[in-house]
Amino acid sequence: MTESKKVYIGMGSNLGDSRRHLLEALKEIDAIPGVRVTACSSLYSTKPVGPQDQNYFINAVAELETTVEAHALLRKMFKIENRHHRVRVRHWGERTLDLDVLYYGTETFCDDELKVPHPEIFNRAFVVFPLLEINPEFTHTDGKKLRDVLPSLPADDVRAMRRLSYLENRSGRAGGSGKWLTLRAWSKYRYGL
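Everything numeric here is computed off the predicted structure, so don't read it as measured data.

A.B. asks: What is the right way to look at the environment of Ser 42 in this model?
C.D. replies: Secondary-structure assignment places Ser 42 in the loop between β2 (35-40) and β3 (43-46). Along the sequence, Ser 42 and Leu 131 sit 89 residues apart, while their C-alpha atoms lie 9.6 Å from each other. Side-chain polar atoms of Ser 42 contact the side chain of Glu 133, separated by 2.7 Å.

Here is the structure:
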């Protein structure tokens with residue numbers, strides 16, 4: 001039997017009902033045999049990294065416990081993206097759903113199919129902020145505390161956050177409560193920045 005791993009998944013959407021895409025994807029991930037969603041960040045409204053002629057994204061990070069092997073998990077994520085009609089039209093372009101394996105325990109992978117830890121983590125406020133929300137003491141595989149990169153990130157690219165109540169509402173209904181909060185206000189409250 002495969003040992004259980006703690007995995008972090010980056011989630012994003014900027015087409016259609018993005019909030020619903022992310023909530024439904026969480027439910028679908030949680031339903032994969034050998035996978036359990038153990039935590040999920042708030043939803044973050046973020047500026048697109050690629051072409052600027054597209055909508056802002058809604059992003060989140062989910063924490064999983066899984067016995068599913070990394071490459072098999074990635075392929076299951078692709079199937080979920082496809083069920084949400086993900087179309088790859090242009091690099092860093094718009095999408096209904098984007099799921100990325102950010103970390104798979106402490107393991108590293110670098111092949112044609114999977115690069116873990118995700119190579120752009122330290123450059124992505126929309127990954128770092130939500131990951132730190134659910135694990136404030138998170139340490140990168142090189143031993144560096146993820147919170148140490150916060151001052152170098154462009155916080156203006158991440159506009160706001162909203163609490164997500166999926167884990168309290170595992171029925172999969174599109175729950176969520178709380179008000180939008182500016183990232184600077186949240187960062188000051190959470191990290192004293």
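A.B. asks: Looking at this model, I keep getting lost on the nonpolar core. Mind explaining?
C.D. replies: Generally speaking, soluble globular proteins have nonpolar side chains that are buried together. Counting residues in each nonpolar core, the largest one holds 29 residues, and the members touching the most others are Ile 9, Met 11, Ile 29, Leu 64, Leu 73, Leu 99 and Val 101. Going through the elements one at a time, β1 (5-13), α1 (18-30), β2, β4 (57-66), α2 (70-83) and β5 (98-104) are the ones with two or more residues in this core. Considering every element that reaches this core, the biggest residue donor is α2, with 5 residues. The contacts of Leu 73, once residues within four sequence positions are left out, are Val 7, Ile 9, Val 35, Leu 64, Thr 66 and Val 68.

A.B. asks: How should the confidence of the model for the chain be read in this particular structure?
C.D. replies: On average, residues of the chain score 80 in pLDDT, and 74% of them are at 70 or above. Confidence over residues 166-181 falls short of pLDDT 50; this stretch has 42 contacts with residues more than four positions distant or in other chains.

A.B. asks: Would you take a moment to explain the packing of α1 against α2 for this structure?
C.D. replies: Each packed pair of helices is defined by two parameters, the angle between the axes and the distance between the axes. Look at α1 against α2: their axes get within 11 Å of each other, and the N-to-C directions meet at 140°. Taken as axis vectors, α1 and α2 run oblique relative to one another. The two elements α1 and α2 cross, and the hand of that crossing is right-handed. Contacts from Ala 25, Glu 28 and Ile 29 in α1 reach Met 77, Ile 80 and Arg 83 in α2. Residues belonging to the contact of α1 with α2 are distributed by class as follows: 4 nonpolar, no polar and 2 charged.

A.B. asks: Is there a simple way to think about the pairing of β5 in this case?
C.D. replies: Successive residues of a regular strand alternate their side chains across the two faces of the sheet. In terms of residue burial, β5 counts as a mostly covered element, since 6 of its 7 residues are buried. Here 6 bridges tie β1 to β5, and the two strands are oriented antiparallel to one another. Directly across from Val 7, in β5, lies its bridge partner Tyr 104.

A.B. asks: What's the story with α1 in this structure? I'm lost.
C.D. replies: Each turn of an α-helix holds 3.6 residues, which means side chains three or four residues apart point in the same direction. Helix length check: α1 (13 residues) gives 18 Å between terminal C-alpha atoms against 18 Å at 1.5 Å per residue, within 8%. Taken residue by residue, α1 has Ser 18, His 21, Leu 22, Leu 23, Ala 25, Leu 26, Glu 28, Ile 29 and Asp 30 as its buried positions. Buried-residue contacts for α1 involve β1, β2, β3, β4, α2 and β5.

A.B. asks: I would appreciate a short explanation of the pattern of salt bridges in the present structure.
C.D. replies: Think of it this way: side chains of opposite charge can pair up when their charged atoms draw near. A complete count under the given rule lists 10 salt bridges for this structure. Among the salt bridges present, the one from Asp 17 reaches Arg 20, with a minimum N-O distance of 3.8 Å. Asp 17 sits in the partly exposed class, given a relative accessible area of 43%. The class of Arg 20 is partly exposed, set by a relative accessible area of 38%. When the shortest N-O distance is used, the salt bridge between Arg 124 and Glu 120 registers 3.6 Å. Each of Asp 17, Arg 20 and Glu 24 takes part in a single network of salt bridges with overlapping partners.

Parameters and conventions
- Residues numbered from 1 in each chain as written.
- Predicted model: local features only at pLDDT ≥ 70, side-chain atom pairs only at ≥ 80, totals over all residues.
- Heavy atoms only, no water.
- Helix = DSSP H or I, 4+ residues; strand = E, 2+ residues; numbered from the N terminus.
- Polar contact = N/O pair within 3.5 Å; in protein donor to acceptor, adjacent residues only side chain to side chain.
- Core = buried A, V, L, I, M, F, W, Y, C linked by side-chain atoms within 4.5 Å.
- Buried < 20%, exposed > 50% of the residue type's maximum accessible area, 1.4 Å probe, protein only.
- Contact = heavy atoms within 4.5 Å.
- pLDDT = per-residue confidence, 0-100.
- Axes fitted to C-alpha atoms, helices over the stretch in contact; angles between N-to-C directions.
- Parallel < 35°, antiparallel > 145°, perpendicular 65-115°, else oblique.
- Left-handed = near helix turned anticlockwise from the far one by under 90°.
- Nonpolar A, V, L, I, M, F, W, Y, C, P; charged D, E, K, R; others polar.
- Pairing = 2+ DSSP bridges.
- Expected span 1.5 Å × (residues − 1).
- Salt bridge = Lys/Arg side-chain N within 4 Å of Asp/Glu carboxyl O.

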